[in-house]
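Structural features, examined
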Amino acid sequence: MSQSYDRGTVEDFGRWREFKAGMWAWIFHKFTGWVLVGYLFTHIAVLSTATQGATTYTQTIRGLEALAIVRVLEVGLLAVAVFHILNGIRLLFVDLGVGLEVQDKSFYASLVLSGAIVAASVPTFVSGAF
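Reading guide: rules and limits
- Residues numbered from 1 in each chain as written.
- Predicted model: local features only at pLDDT ≥ 70, side-chain atom pairs only at ≥ 80, totals over all residues.
- Heavy atoms only, no water.
- Helix = DSSP H or I, 4+ residues; strand = E, 2+ residues; numbered from the N terminus.
- Contact = heavy atoms within 4.5 Å.
- Areas by Shrake-Rupley, 256 points an atom, 1.4 Å probe, with all protein chains shown as cover.
- Axes fitted to C-alpha atoms, helices over the stretch in contact; angles between N-to-C directions.
- Parallel < 35°, antiparallel > 145°, perpendicular 65-115°, else oblique.
- Left-handed = near helix turned anticlockwise from the far one by under 90°.
- Nonpolar A, V, L, I, M, F, W, Y, C, P; charged D, E, K, R; others polar.
- Buried < 20%, exposed > 50% of the residue type's maximum accessible area, 1.4 Å probe, protein only.
- Lys, Arg positive; Asp, Glu negative; His and termini not counted.
- Salt bridge = Lys/Arg side-chain N within 4 Å of Asp/Glu carboxyl O.
- Polar contact = N/O pair within 3.5 Å; in protein donor to acceptor, adjacent residues only side chain to side chain.
- Expected span 1.5 Å × (residues − 1).
- pLDDT = per-residue confidence, 0-100.

Quick look at the overall build of the protein chain now. A count of helical and extended segments in the protein chain gives five helices and zero strands. Secondary structure elements in the protein chain, listed N-terminal to C-terminal, are α-α-α-α-α. Taking all contacts inside the protein chain whose residues are at least 6 apart in sequence as the whole, residues at least 24 apart take part in 68%. As displayed, the protein chain has an accessible area near 9500 Å², and 69% of this comes from carbon and sulfur atoms.

And the structure:
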């Protein structure tokens, strides 16, 4: 029987510093996946207003787009979706055996590319909010 050692709350809390790129990639991928699932329910709720008529749906969309916070959240949604897609493609290649030696570099590349795409898209998303 193996023995376990209780590290204590303070020591366990500090273990995040031991995480390597692979653990961060896993955490970010899971987090972005759950955010996208949560957005799916919000998206369905907004689309359900279309069943009450075209004018209700149009008013709902115009009302949401008029809010600055919604435009900022859209930028966040773009960041989440782009990273999740790029990291998923990276994982596909890793599962196929391509790039096994450079997993950490490809994770950082997906982060940088996600940031570049989001930064380039910010003016488009925020243009009418303020």
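Having put the structure on the table, let's press on.
Let us now look at the packing of helix α4 (residues 68-95) against helix α5 (residues 103-126). Two numbers describe how α4 lies on α5: the axes approach to 9 Å, and their chain directions differ by 150°. The angle between α4 and α5 places the two elements in the roughly antiparallel class. For α4 against α5, the interelement crossing comes out right-handed. A breakdown of the residues in the contact of α4 with α5 according to their chemical character gives 15 nonpolar, six polar and three charged.

Turning our eyes to something else, we now look at the side chain of arginine 90. Tracing the backbone shows arginine 90 in helix α4. As a buried residue without a salt bridge, arginine 90 has its nearest oppositely charged side chain in aspartate 104, at a separation of 7.9 Å. Looking at arginine 90, its side chain comes within polar contact range of the side chain of asparagine 87, at 2.8 Å. Dropping the residues within four chain positions of it, arginine 90 is found in contact with Ala25, Gln103, Ser106 and Phe107.

All right, on to α4 then. Helical geometry: 3.6 residues make up each α-helical turn, so side chains three or four residues apart lie on a common side. For α4, with 28 residues, the first-to-last C-alpha span of 41 Å sits near the 40 Å given by 1.5 Å per residue. Looking only at α4, the buried set comprises Val70, Arg71, Val75, Leu78, Val80, Val82, Phe83, Asn87, Arg90 and Val94. Lining the buried residues of α4 we find α2 (21-47), α3 (54-65) and α5. Just beyond α4, the residue with positive phi is glycine 97, at close to 90°.

This next bit is on the confidence of the model for the protein chain. When the pLDDT values of the protein chain are averaged, the result is 87; 85% of them are 70 or greater. Put simply, helix α1 (residues 9-13) is where the protein chain has its lowest mean pLDDT, 59, and α4 is where it has its highest, 94.

For the rest of this paragraph, the subject is the pattern of salt bridges. Taken as a whole and assessed by the stated rule, the structure comprises one salt bridge. A salt bridge links arginine 71 to glutamate 65; the shortest N-O distance between them is 3.6 Å. When its relative accessible area of 14% is taken as the criterion, arginine 71 is described as buried. Accessibility expressed as a relative area gives 26% for glutamate 65, which makes it partly exposed.

Taking 1.5 Å per residue as the helical rise, α2 with its 27 residues ought to reach 39 Å, and the 38 Å between its terminal C-alpha atoms agrees with that figure. Of the residues making up α2, those classed as buried are Ala21, Ala25, His29, Thr32 and Gly33. The inward-facing, buried residues of α2 contact α4 and α5.

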